[in-house]
Amino acid sequence: MIPTTRSWAMARALRHYSTAPITSVLIANRGEIALRVGRTASELGVRCTTIYTDPDAKSQHALSSPFAVNLGAANAYLDGERIISVAKEQGCQALHPGYGFLSENSAFAKRCVQEGLVFIGPPWEAIEAMGNKSRSKEIMINAGVPCIPGYHGTNQDPNYLLEEAKKIGFPVMVKAVKGGGGKGMRIAMNEEEFLGKLESAKSEGRNSFGDDEMLVEKYIRTPRHIEVQIFADKHGNAVALGERDCSLQRRHQKILEEAPAPNLDENIRQDLWGKARAAALAVKYEGAGTVEFIFDNDTNEFFFMEMNTRLQVEHPVTEEITGEDLVSWQFKVAAGELLPLTQDEIAQRIAERGWAIEARIYAENPNQNFMPDSGKLIHLRTPRLSDSVRIDAGFIEGDTVSSNYDGMIAKLIVSGTTREIAIRKLYLALQDYEVVGLSTNIEFLKKICKSPGFIKGDVETGYIQKNHDELFGLENTEPEIFAQAALGLLAKDATSTVTNGPHGASIGFGSKNQRQFTLLQSTDTEPKLIKVTVTQSGRNLFNIAVKGAGIDESYTNIICEPKTPSISTFFPHTRIESTIITDGDKITIFQQGRQTQLTLAKPSWYEKALGLKDVANSVLAPMPCKVLRNEVKEGDEVEKDQALVVIESMKMETVIRSPQRGKIAKLVHKEGDICKAGTVLVLFEEV
């Protein structure tokens, strides 16, 4: 029986229970979540010990505490015994696992308890029960929580699973039993592709979780991903802190989350909360957890998907709509305290506090199927923080986003009195977010904010694919952007001590001279080639001509004031401020809330002098990676878009496809090889 608000309130008033305050903690994680936990711990007067690996030696979380221990190898965040040993050596009373890594490892949680450490999370028995998707569904069915039809048995013969899929009816989803975070999941639309998708999911399951056991479930065609944040204490109390809609996804991974869920009937909302609390009580849960549901847009039915037995990446949106610090709640529950609020009090808070949306800022290229990226953050400018704009980040300018770990740079969280206001605030904040040094999804997130379907709340997990043309359409580039790029290059030359290069000597902002720049802009087909001629007629006074790719525009007597890395230019019709960041021949321009990337074309004589050659007959690694397998053999004839090589980077599998028809001359790397970005993977025979 779920405790009533009245009995719970009486228990809180009497306070007849024992607590053991936590005074020291080891944070067994990295990046923004380690910093997030550390902030709250410090506010509670808890001494923090952090851990890091060799690639993270100069990371912000490693530098955040005077008590920091190097674990060594990149994969050492998974070395549970070593981490427990460090915690004991450092005299830590408790251990906070964050999310990811060992946070949902029941054996690790059990070992913490055996070694006398307070594990700030649920009991290991609950983690074990919910960590196995097949067993968790049995528990949920017994607790009266609806589950999606599927096969959750132990027979893992591929042909047997295929027969089960036929019984369920296509399309189906195959998922790693111990999976999570979108890894180890594939959708098979028909019988013909089932075995291939099964093997791909099993491979990712082995690489990510060390287990390739699969379950097969009915795939709902228009699903929403709605999850309920729950909390339970050691005294049998459980609450739902509202729901979150996490339907905006790519590769089965969330990129935007919001609370409350839009366009959800109140009766359904309350039913979801009740079922989530029942799920928590069914496994004698303690601490923070998330019960995830698939919601069928066509029928308004919802089904239990899984329970994440940890704090979620998207917990900040719940904090915004409740006004509560969930990490603080974790510490209090672990110390034996009662939950700080009753269900009625939480419901009242949510009714009063409006809407919150979180956008994940990822190092990835949306135009290349969201392929992960890595590299140094050579320029980073973030939106101004306020009561309604929050950033949880693990990096600052100059840091390197490593290919060894997840590519999330930061989380941008905004809140507003209504959903419409929150969306507008998110868009404005994204316009002020500047990142250079690697690809990000920021421009894509801006398009989401302007997408009519999203604004109306008509969301589902297939939203990005169904609105592909709208979300990936190219925007026109105004001629002023090219003019500003040229002026920015001049400003950079004027402040540089280096005047040699393929584009001629610098002229500064105080002399009279002329320069021409050839700029390239990538498109879906051929790159646009734009020539910009800049004539300086006086100090900070210029005439500019922009020609090429359908543009023929001239500006006379414009005043440009350099403020490196920004410039302020007075055109005849407007004043424009731009930030121009260069990285070799790459130029990134931030102007009027939009990012544009250009390349400064090298003169042909310069390419010849350097011996630069055409690499059209090769396929390169797009990022640092590990080769998992080659899908073709030398001598094979391949078609455009045919799978060539499967690589792994940031724990994600990526299929490298052929850019052309042709014959494979050489497979440069074998399974298990580690490759740098730009390494040749496949060579074609020259035609």
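Residues numbered from 1 in each chain as written. Predicted model: local features only at pLDDT ≥ 70, side-chain atom pairs only at ≥ 80, totals over all residues. Heavy atoms only, no water.

## Looking at helix H12 (residues 326-334)
Put simply, the test is: Think of it in three bands: with a 1.4 Å probe and only protein chains considered, a residue is buried below 20% of the maximum accessible area for its type, exposed above 50%, and partly exposed in between. Secondary structure elements are defined from DSSP: runs of H or I of at least 4 residues count as helices, runs of E of at least 2 residues count as strands, and each element is numbered from the N terminus.
Counting buried positions along H12 yields eight of nine residues, so the element is predominantly enclosed. Every buried residue of H12 is accounted for by Leu326, Val327, Ser328, Trp329, Gln330, Phe331, Val333 and Ala334. Phi turns positive, to about 95 degrees, at glycine 336, one or two residues after H12.

## Some points on empty space enclosed by the protein
Threshold: Buriedness for pockets is judged along seven lines, at least five of which must meet protein on both sides within 12 Å for an open set on the 1 Å grid over protein atoms alone, while cavities are sets there where a 1.4 Å probe fits but cannot get out, and lining residues have an atom within 4 Å of a point. Grid points are joined across faces, edges and corners, and a volume is the space filled by probe spheres set on the points. Polarity classes work like this: nonpolar for Ala, Val, Leu, Ile, Met, Phe, Trp, Tyr, Cys and Pro, charged for Asp, Glu, Lys and Arg, and polar for all others, with Gly in that last group.
Counted by the stated rule, this structure contains two cavities of 30 Å³ or more. By volume, the largest cavity is sized at about 70 Å³. Considering the residues around the largest cavity, the lining is formed by 12 residues, among which Arg250, Arg251, Pro372, Asp406 and Gly407 are closest to the centre. There is about 30 Å³ of room inside the second largest cavity. For the second largest cavity, the full set of lining residues is Pro97, Gly98, Ser103, Ile120, Gly121, Pro122, Thr309, Arg310, Leu311 and Gln330. Grouping the constituent residues of the lining of the second largest cavity by class yields four nonpolar, five polar and one charged.

## Concerning the packing of aromatic side chains
To be explicit about the condition: Put simply, two rings from Phe, Tyr or Trp (the six-membered ring, in Trp's case) pair if the centres are within 6.5 Å, and we call them stacked under 30 degrees between planes, edge-to-face over 60, tilted for the rest.
Following the criterion strictly, the structure yields 12 aromatic pairs and no others. Aromatic side chains tyrosine 77 and tyrosine 405 sit 5.6 Å apart centroid to centroid with 70 degrees between the ring planes, which places their arrangement in the edge-to-face category. In this pair, tyrosine 77 is assigned in the loop between strand E3 (68-72) and helix H4 (80-89) and tyrosine 405 in the loop between strand E21 (400-401) and strand E22 (408-416), connecting sequence segments 328 residues apart. Ring geometry for phenylalanine 444 versus phenylalanine 472: centroids 5.2 Å apart, planes at 35 degrees, classification tilted.

## Some remarks on the sheet that holds strand E14 (residues 302-308)
Quick reminder of the rule: Whether two strands pair depends on DSSP finding at least two bridges between them. Note on geometry: axes are lines fitted to C-alpha atoms, helical ones only across the stretch in contact, with angles between N-to-C directions running from 0 to 180 degrees. We call two residues contacting when some pair of their heavy atoms lies within 4.5 Å.
Across the sheet, eight strands lie side by side as E14-E13-E10-E11-E12-E15-E22-E20; this open sheet has antiparallel pairing. Strands with a single pairing partner mark the edges of an open sheet, and in this sheet they are E14 and strand E20 (389-393). Mean inter-strand twist for the sheet, computed between neighbouring axes without regard to direction, equals 25 degrees. Relative to strand E11 (residues 238-250), strand E10 (residues 223-232) runs antiparallel, the two sharing six bridges. Within E11, the residue paired with isoleucine 230 across the bridge is alanine 240. Packed on one face of the sheet, helix H2 (residues 31-43) meets E20 and E22 and runs near 115 degrees to E20.

## Re the pattern of salt bridges
Our working rule: Salt bridges are defined as contacts in which a side-chain nitrogen from Lys or Arg sits within 4 Å of a carboxyl oxygen from Asp or Glu.
Following the criterion strictly, the structure yields 51 salt bridges and no others. With its nearest N and O atoms 2.8 Å apart, the salt bridge here joins arginine 310 to glutamate 104. Here arginine 310, found in the loop between E14 and helix H11 (315-322), pairs with glutamate 104, found in the loop between strand E4 (94-96) and helix H5 (106-114); they are 206 residues apart in sequence, far enough to count as distant. Among the residues examined, arginine 310 registers a relative accessible area of 13% and is labelled buried. Here glutamate 104 falls in the partly exposed class, since its relative accessible area comes to 30%. A salt bridge links glutamate 204 to arginine 186; the nearest nitrogen and oxygen atoms lie 3.2 Å apart. One end of the pair, glutamate 204, is in helix H9 (residues 191-209); the other, arginine 186, is in strand E8 (residues 183-188), and 18 residues separate them in sequence.

## Describing the side chain of serine 203
Among the structural elements, serine 203 can be located in helix H9. Beyond its immediate stretch of four places on either side in the chain, serine 203 contacts Arg629 and Glu653.

## Comments concerning the confidence of the model for the chain
Just so we agree on the cut-off: A residue's pLDDT is simply how confident the predictor is in it, with values from 0 to 100.
Per-residue pLDDT for the chain averages 90, and the proportion of residues at 70 or more is 92%. Across residues 497-511, confidence stays below pLDDT 50; counting only partners more than four residues off in sequence or on other chains, it has 36 contacts.

## Points about the sheet that holds strand E27 (residues 551-563)
One closed barrel holds the eight strands; their spatial order is E24-E25-E26-E27-E28-E29-E30-E31, and the pairing between them is antiparallel. Put simply, the sheet's adjacent strands are angled 35 degrees from each other on average, direction ignored. Looking at chain direction, strand E24 (residues 513-521) and strand E31 (residues 594-600) are connected through two bridges and run antiparallel. Each bridged residue has a counterpart across the sheet, and for leucine 519 the counterpart in E31 is leucine 600.

## Quick notes on the environment of tyrosine 433
As for its placement among the helices and strands, tyrosine 433 is situated in the loop between helix H14 (419-431) and strand E23 (434-436). In this structure tyrosine 433 comes out as buried when scored by relative accessible area, which is 3%. Those residues within four positions of tyrosine 433 in sequence are excluded, and the remaining contacts are Ile361, Leu380, Arg381, Thr382, Pro383, Ile391, Ala410, Leu412, Ile442 and Phe590.

## Examining the pairing of E22
Every other side chain in a regular strand lies on the same face of the sheet, so the side chains alternate between the two faces. Counting buried positions along E22 yields nine of nine residues, so the element is predominantly enclosed. Sheet topology places E20 next to E22; five bridges connect them, and they run antiparallel. Following the sheet pairing, isoleucine 391 is matched in E22 by leucine 412.

## Some details on unusual backbone geometry
Following phenylalanine 170, the chain continues into proline 171 via a peptide bond in cis, with omega recorded as 0 degrees. For proline 171, the location among the structural elements is in the loop between helix H8 (158-168) and strand E7 (172-180). In this structure, proline 565 follows threonine 564 across a cis peptide bond, with omega equal to 10 degrees. Mapping proline 565 onto the fold places it in the loop between E27 and strand E28 (566-570). For phenylalanine 101, which is not glycine, the phi dihedral falls at a positive 45 degrees. Structurally, phenylalanine 101 is set in the loop between E4 and H5. Despite not being glycine, lysine 284 has its phi angle at roughly 50 degrees, a positive value. Assignment of secondary structure puts lysine 284 in the loop between helix H10 (266-282) and strand E13 (287-296).

## Notes on the pairing of strand E15 (residues 355-362)
With eight of its eight residues buried, E15 lies for the most part within the structure. What you see with E15 is no split at all: Trp355, Ile357, Ala359 and Ile361 on one side and Ala356, Glu358, Arg360 and Tyr362 on the other are buried throughout. Note that strand E12 (residues 253-259) and E15 share four bridges and pair antiparallel. Within E15, the residue paired with alanine 259 across the bridge is alanine 356. By the bridge criterion, eight bridges tie E15 to E22 in an arrangement that is antiparallel. Bridge pairing in E22 places glutamate 358 opposite isoleucine 413.

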